[in-house]
Amino acid sequence: MKAGTWVSPADGAVVSHAEVIRQASHSRVVLLGEQHDRADNHRWQMHVAAGLLAHRADMVMGFEMFPARLTPVLMEWSRGDLSESEFLQRSEWNEVWRFDPELYMPLFRFCRDHAIPMIGLNCRRDLVSEVGKDGWDAIPERLREGLTPARPATPAYRRYLFDITGGLRPGRAAQSAEDPAFDRFVRAQQTWDRAFACRIADVARQPEAPLVVGIIGRGHLEFGHGTPFQLTDLGISEITTLLPQDRAAPIVPNVAEAVCYMAGESVSPPA
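*Asks:* How should the overall build of the protein be read in this particular structure?
*Replies:* A count of helices and strands for the protein gives ten helices and eight strands. Taken over C-alpha atoms, the radius of gyration comes to 19 Å for the protein, in line with the 18 Å a tight globule of 271 residues would show. Counting all 271 residues of the protein, 50% fall into the buried class. A separation of at least 24 residues holds for 71% of the contacts in the protein among residues at least 6 apart in sequence.

*Asks:* I tried to follow the sheet that holds strand β5 (residues 118-122) on my own but got confused; where do I start?
*Replies:* Backbone hydrogen bonds hold the strands of a sheet together, and the pairing may be parallel or antiparallel. As summarised here, the arrangement of the eight strands in space is β2-β1-β8-β7-β3-β6-β4-β5, forming an open sheet in which the pairing is mixed. Edge positions in the open sheet fall to β2 (14-15) and β5, since each of these has one partner strand only. Relative to strand β8 (residues 258-261), strand β1 (residues 6-7) runs antiparallel, the two being bridged by two bridges. Note that in β8 the partner of W6 across the bridge is C260. Sheet strands in contact with helix α6 (residues 105-113) are β4 (59-67), β5 and β6 (211-217), and its direction is about 140 degrees off that of β4. In the packing of helix α9 (residues 183-204) onto the sheet, the strands contacted are β3 (29-34), β4, β5 and β6, and the crossing angle to β5 comes to about 150 degrees.

*Asks:* I tried to follow the state of the cysteines on my own but got confused; where do I start?
*Replies:* As used in these notes, a disulfide is a covalent bond between sulfur atoms, one from each of two cysteines. Inspection of every chain in the model, using the stated rule, returns zero disulfides. In this model C123 remains outside any disulfide bridge; the closest cysteine sulfur is found in C198, 9.7 Å from its own. On the basis of relative accessibility, which here comes to 4%, the residue C123 falls in the buried class. Looking at C260, it has no disulfide partner, and the nearest cysteine sulfur is the one in C111, 19 Å off.

Rules and cut-offs
- Residues numbered from 1 in each chain as written.
- Predicted model: local features only at pLDDT ≥ 70, side-chain atom pairs only at ≥ 80, totals over all residues.
- Heavy atoms only, no water.
- Helix = DSSP H or I, 4+ residues; strand = E, 2+ residues; numbered from the N terminus.
- Rg over C-alpha atoms; globule rule 2.2 N^0.38 Å.
- Buried < 20%, exposed > 50% of the residue type's maximum accessible area, 1.4 Å probe, protein only.
- Contact = heavy atoms within 4.5 Å.
- Pairing = 2+ DSSP bridges.
- Axes fitted to C-alpha atoms, helices over the stretch in contact; angles between N-to-C directions.
- Disulfide = S-S within 2.5 Å.

Shown next, in the form of structure tokens:
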């Protein structure tokens, strides 16, 4: 398949770019997955967002990269009130995310250039660790950041998480996806899933709500697990998940509503 080709993982059918974007624009939420360190993934997210904007001028973009407390700073940036250096400094980029900012700047510039409101979807890292260690009920109300408890993981999600974290291997404490030794990791992962879902739902429930586009790591999105599952629990069911697809990798059935083939990262010639 050539770069830019869209395929439906449900049946392997090729779908036109125009049709994918048109259908997605009718959703309440569009989730665009990524591998965090892939510049081509972020360029693809920007191009998809631009297509959605042609159908929906009322758009908000939410970012896993930022905790919700930094949303006022993101809004300042979207309004054009901050320089790039001010934005990176005040958004605490080197503390909250730490990846090369140039990976994401095309997306951030897109939002500023089109005055698209940006919101943070994440929570404090300590909350994730605390829920993983002690469970949700151990967290005082004042420290929950307005989040609600995650709907428990399905057996299928536990198996997915177990597999993508290495599966059964020598020295691993958890011997299966069902092993209680795996509970701590699952609770932590679901804290992120629920945080992203709660922030998105807060916008999607508004009267005359805009289209909410979520920029989120694909491990929180694949197969309808993670954030889509939590959004459904929160009453948000019109969700479209779109993912970038490496040409060398097989398409796994039902991993998303549609996947788009990437050209691959460009390689500079030797000096």
